[in-house]
Amino acid sequence: MTGSWLSGPTAALPLDDDGKPKYRGERLGLPEAGPGSLVGSGRRIAALMLDWLMAGGVSILILGGDALDSRLSSVVLLVWFVVGVVTVTLFSFTPGQYILGLQVARIDQPVGVGIVRALARQVLLVFMVPPLITDIEGRGMHDRATGTALVRSR
């Protein structure tokens, strides 16, 4: 398992006759385009920013409308974390992912993500390094570690 990412991102993908990967997600059994296909980095970042902005708005309401409160950043992180775990566990998407038509999916079975994977995924997202390091399929380290993938829902 670790040999594929230690050997470089292309080592983990099947190669076509030309020696190049056919498309992202083929090895996972995902379609090339449309619902169920892997999402690119731009949409992933946009969904994360939407979630963070919504968490910021809720946090300002929790703090009584004081946007200059010194506790704001901690409350934003806590709200973002809790909302992420709860919504991914219950619905397989965060509010920002829903707006952009994305969904977190398990790659090993066609079932919900579950609380353990959602919690582990969110803990890894807090550190921001795992989602910034992606393999050639576009999956972040947090998705690889939890056996999930961010796919299009529509």
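Described in the following lines is the structure provided in the data block. (Residues numbered from 1 in each chain as written. Predicted model: local features only at pLDDT ≥ 70, side-chain atom pairs only at ≥ 80, totals over all residues. Heavy atoms only, no water.)

1. Comments concerning helix H2 (residues 41-62)
Taking 1.5 Å of rise per residue, 22 residues should cover 32 Å, and H2 covers 31 Å from first to last C-alpha, within 8% of that figure. Among the residues of H2, Arg44, Ala47, Asp51, Ala55, Gly56 and Ser59 are the ones counted as buried. After H2 finishes, the residue Gly64 shows a positive phi value of roughly 80°. (Helix = DSSP H or I, 4+ residues; strand = E, 2+ residues; numbered from the N terminus. Expected span 1.5 Å × (residues − 1). Buried < 20%, exposed > 50% of the residue type's maximum accessible area, 1.4 Å probe, protein only.)

2. Things to note about the packing of aromatic side chains
Following the criterion strictly, the structure yields three aromatic pairs and no others. Counting every residue linked through ring pairs, the aromatic cluster contains Phe91, Phe93 and Tyr98. Here Arg154 stacks its cationic end above the ring of Tyr98, 5.7 Å away from the centre of that ring. (Phe/Tyr/Trp six-rings, centres within 6.5 Å; stacked < 30°, edge-to-face > 60°. Lys NZ or Arg CZ within 6 Å of the ring centre and 35° of its normal.)

3. Concerning the packing of helix H3 (residues 72-91) against helix H5 (residues 115-126)
One can describe the packing of H3 onto H5 by two numbers: an axis separation of 8 Å at closest approach and a directional angle of 150°. It follows from the interaxial angle that H3 and H5 lie roughly antiparallel. H5 is crossed by H3, and the crossing has right-handed handedness. Residue-level inspection shows Leu77, Trp80, Phe81, Gly84, Val85, Val88 and Thr89 of H3 in contact with H5, the latter providing Ile115, Ala118, Leu119, Gln122, Val123, Leu125 and Val126. Residues of the contact of H3 with H5, tallied by class, amount to 11 nonpolar, three polar and no charged. (Axes fitted to C-alpha atoms, helices over the stretch in contact; angles between N-to-C directions. Parallel < 35°, antiparallel > 145°, perpendicular 65-115°, else oblique. Left-handed = near helix turned anticlockwise from the far one by under 90°. Contact = heavy atoms within 4.5 Å. Nonpolar A, V, L, I, M, F, W, Y, C, P; charged D, E, K, R; others polar.)

4. With respect to the pairing of strand E1 (residues 102-106)
Residues Leu102, Val104 and Arg106 point to one face of E1 and are all buried, whereas Gln103 and Ala105, pointing to the other face, are not buried. Looking at chain direction, E1 and strand E2 (residues 148-152) are connected through five bridges and run antiparallel. Across the sheet, the residue bridging to Gln103 is Val151, located in E2. (Pairing = 2+ DSSP bridges.)

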